[in-house]
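The residues making up each chain are set out below.
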Amino acid sequence: MEEARALPARLHISIAFALEVSVGKTNTVTALNGSNVLLPCVFTTCIGFQDLVFTWYFNSTEMIYHGKIKSKMSEPFLVGRNPRVEFVGSTTGKENNISILLNEVDFSDAGKYTCHVKNPKEKNAQHSASIFLTVVHKMVETDNTVTLIIVGVVGGLIGLLILFMLVKKVVLFIIKKTQDRKKECLVSSSGNDNTENGLAGSKADQKVAPKA
């Protein structure tokens, strides 16, 4: 029974200490032929790292950058790299950034780039994330005409709705005022009729009684 209770605790610890690697919110990037392109990668670990090793691969097999990091207090040192690849990250700041820059890309550079990390401090835990590079001859401009039309139509409908509500409010206000005036006229007219007919409160009741 005690062993069964201890199992969730061990599982929780293993999850908390897990090494994670990320290439950002999107795993695709497009670059213009002949330009330089940034390939982002960061890693996180709850217990820190020691003698951490990171490697970038092209299409899972070709190593294009290999580096090591002694500790959080030191920057990575190069082990090996492709001549066109440059390290542009930093691991002494808040983020453990191990991004690289691929210079003068051409169409043969299109493919999958994998950032792989191994942390000996976490019993050699390993994790990786991939980003897909597309190389184009010319950047295509996005046509926002449809989007602008939709925004314009929606904005127009909202404007009409607001105008309708304002008009409705004004009309209801006028109708209420008109009804109040009619009520005042009816009350006034009723008072005049009572006076002329000699009803209670009329002038007829106010005549002086003849002397005996």
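As a convention, each chain's residues are numbered from 1 in the sequence order in which they are written. Two thresholds apply to this predicted model, a pLDDT of at least 70 for residue-level local features and 80 or more for giving and counting side-chain atom pairs, whereas whole-chain, interface and lining totals are computed over all residues. Note: side-chain values were computed over all heavy atoms of the structure, leaving out hydrogens and water.

The name an unreviewed UniProt entry gives the chain is Sodium voltage-gated channel beta subunit 4, with Nothoprocta perdicaria as the organism. Per UniProt, the comment on the chain under Subcellular location (unreviewed entry) is "Membrane". UniProt positions are given in the numbering used here, feature names are shortened, and annotations may be inferred rather than shown by experiment.

Caption draft 1: Just unusual backbone geometry, in detail. Non-glycine residue Asn59 carries a positive phi angle of around 55°. A run of H or I in DSSP counts as a helix once it spans at least four residues, and a run of E counts as a strand once it spans at least two, with each numbered from the N terminus. Within the secondary structure, Asn59 sits in the loop between strand E5 (52-58) and strand E6 (62-69). A 1.4 Å probe rolled over the protein chains alone gives each residue an accessible area, and that area as a share of the maximum for its type sets the label: buried under 20%, exposed over 50%, partly exposed in between. For Asn59, a relative accessible area of 38% corresponds to the partly exposed category. Even without a glycine there, the phi angle at Glu104 is positive, about 50°. Relative to the helices and strands, Glu104 resides in the loop between strand E10 (100-102) and strand E11 (111-119).

Caption draft 2: Region of the structure containing the side chain of Thr45. Tracing the chain through its elements places Thr45 in the loop between strand E4 (42-44) and E5. Whenever two N or O atoms come within 3.5 Å, that pair is a polar contact, provided that in protein one can donate a hydrogen and the other can accept it, and provided that, for residues adjacent in sequence, both atoms are side-chain atoms. One polar contact links the side chain of Thr45 to the main-chain carbonyl oxygen of Gly48, over a distance of 3.4 Å.

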